[in-house]
Every structure is written in C-alpha cells, then in structure tokens.
Amino acid sequence: MRYLHTMVRVKNLEKSLDFYCNKLGLSEVRRMDSEAGRFTLVYLAAPGDRLGAVETDAPLLELTYNWDTEDYAGGRNFGHLAFEVDDIYAVCENLMKQGVTINRPPRDGWMAFIRSPDQVSIELLQKGDALEPQEPWVSMTNTGVW
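Residues numbered from 1 in each chain as written. Predicted model: local features only at pLDDT ≥ 70, side-chain atom pairs only at ≥ 80, totals over all residues. Heavy atoms only, no water.

1. Details of the overall build of the chain
Inclusion rule: Under the scheme used here, helices are H or I runs from DSSP no shorter than 4 residues and strands are E runs no shorter than 2 residues, and both carry numbers assigned from the N terminus. In this treatment the radius of gyration is a C-alpha quantity, and the globule benchmark scales as 2.2 Å times the residue count to the 0.38 power. The buried label goes to any residue with under 20% of its type's maximum accessible area, the exposed label to any with over 50%, and the partly exposed label to all in between, with areas taken from a 1.4 Å probe on protein chains only. Residue contacts follow a heavy-atom distance rule, with two residues in contact if any of their heavy atoms lie within 4.5 Å. Only the protein chains shown count as cover for residues, and the accessible areas themselves come from Shrake-Rupley with a 1.4 Å probe. In this tally, Lys and Arg are treated as positive and Asp and Glu as negative; His is ignored, and so are the chain termini. By convention, charge coordinates are those of NZ in Lys, CZ in Arg, CG in Asp, or CD in Glu.
The number of helices and strands found in the chain is 3 helices and 7 strands. For the chain, the N- to C-terminal ordering of α and β elements is β-α-β-β-α-β-β-α-β-β. Expected size for 146 residues packed as a compact globule is a radius of gyration near 15 Å; at 16 Å, the chain falls within 12% of this value. Buried positions account for 40% of the 146 residues belonging to the chain. For the chain, contacts bridging at least 24 residues in sequence account for 59% of all contacts bridging at least 6. Accessible surface computed for the chain: about 8,500 Å², of which carbon and sulfur atoms make up 52%. Across the chain, the mean location of the 15 positive side-chain charges is 5 Å away from that of the 22 negative side-chain charges.

What follows is the structure, given as structure tokens:
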C-alpha cells in the first residue's frame, strides 16, 4: 500500500491556489477538468516533494473545486485520504473479514471507499490499470456515505 493524497474541497480555486502556492510554497504538478462532473482537480506538491511528485509520485494535496459551489459545513471541505493498493479486491475482502464496511465497493475494479472509526473517508485505488470487474463486487451497492 502507498499513500497517495489528501483531498480538500475549495470554494474559490484562485484564492486557494494563491494561498497554497504563493503563500505556502506548494507547486501545481497536475490538473484535471471534468466537464461531465463539473469539477476541477488540482494536485499540489510541497517544495521538498516536487521532484518526487514528478518522478516517484510523492504524496500530494488534491484541491477539488466543484463548479456548482456550495457551503461546506460540518467538515465537508475535507474530502479523504487516498492509498494505492496492489489488489483492490484482496484488500477489500480482507477489510470485510475484519468487520470494515466497504462504503463504495470496487465495482469498477479500480476504486473503493471505506471509513475510519472516526468517520474519515479513505479512498483505495488499484495500482496500474483497473482489474476486470468481478462478483461479488459488481453487484454490491453503496453503504452509507463516504
């Protein structure tokens, strides 16, 4: 397992980039706009991680800007922690055996969400390409929120 990123929702992308980049010194290493999802993801690296972010995928801060803004109450501006795993199905099966609820099952063979005992969302992402969809994951429904 490898730590990937922490996601924070931002209300004003330009103000947030000014804070994180110009004031705090982080650097933008990647950006993705989703017309269909109506959001922008901006990945930032700390100065000491900049080279690693490009060459070895050092952990990043993900700023998520939803084009249709909302007020984020109750800590909803904090999104999730993300970890890359070698076999998402094996990891989820092992977690279930230990009593962990899979809130968003890996139906696509690529992404799942669980929650910590303190209700922190944790995203699990398949390393490399998505695995072929398979049961029981394909038929599993979401449980709760993530």
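What follows continues from the structure just given.
2. Description of the layout of surface pockets
Heads up, the condition is: Put plainly, a pocket is an open set of points on a 1 Å grid over the protein atoms alone with protein on both sides within 12 Å along at least five of seven lines, a cavity is a set where a 1.4 Å probe fits but cannot get out, and a lining residue has an atom within 4 Å of a point. Grid points are joined across faces, edges and corners, and a volume is the space filled by probe spheres set on the points. Lys, Arg, Asp and Glu make up the charged group, whereas Ala, Val, Leu, Ile, Met, Phe, Trp, Tyr, Cys and Pro make up the nonpolar group; the residues left over, Gly among them, are polar.
Roughly 520 Å³ of volume is contained in the largest pocket. Here the lining of the largest pocket is composed, by residue class, of 11 nonpolar, 8 polar and 6 charged. Its boundaries defined by the atoms lining it, the second largest pocket holds a volume of some 280 Å³. Around the second largest pocket, the lining comprises 13 residues; the ones closest to its centre are L4, H5, R30, E84 and L125. When contributions to the lining of the second largest pocket are tallied by element, the ones reaching two or more residues are β1 (2-10) and β7 (121-126). Among the elements that take part in the lining of the second largest pocket, β1 stands out by supplying 3 residues, more than any other. Looking at the lining of the second largest pocket residue by residue, the class counts come to 7 nonpolar, 2 polar and 4 charged.

3. Overview of the pairing of strand β4 (residues 60-66)
Rules: For two strands to count as paired, DSSP must find a minimum of two bridges between them.
Where burial is concerned, most of β4 is hidden: 7 out of the 7 residues are buried. Burial along β4 is two-sided: the face carrying L60, E62, T64 and N66 and the face carrying L61, L63 and Y65 are both buried. Where β1 and β4 come together, 6 bridges link them in parallel fashion. Within β4, the residue paired with H5 across the bridge is L60.

4. Examining the pairing of strand β3 (residues 39-45)
For β3, a buried count of 6 out of 7 residues is recorded, marking the element as mostly surrounded by other parts of the structure. Across 7 bridges, strand β2 (residues 27-34) lies against β3 in antiparallel orientation. Within β3, the residue paired with R30 across the bridge is Y43. Bridge count between β3 and β4: 6 bridges; the pairing is antiparallel.

5. Thoughts on helix α3 (residues 88-97)
One turn of an α-helix holds 3.6 residues; hence residues three or four places apart share an orientation. The following threshold applies: Relevant arc is that of directions from the helix axis to the C-beta atoms, nothing else.
Residues I88, Y89, C92 and L95 constitute the buried set of α3. Each buried residue of α3 lies within a common arc of 130 degrees when the element is viewed along its axis, so the set occupies one face. Taken together, the buried residues of α3 touch β5 (78-85), β6 (111-115) and β7. Positive phi shows up at G99, right after α3, with a value of about 90 degrees.

6. Considerations on the environment of M7
As for its position among the elements, M7 is in strand β1. Residues M7 and Q134 lie 127 residues apart in sequence; the distance between their C-alpha atoms is 28 Å. In this structure, M7 is in contact with E62, T64, N77, F78, G79 and H80, ignoring residues within four places of it in sequence.

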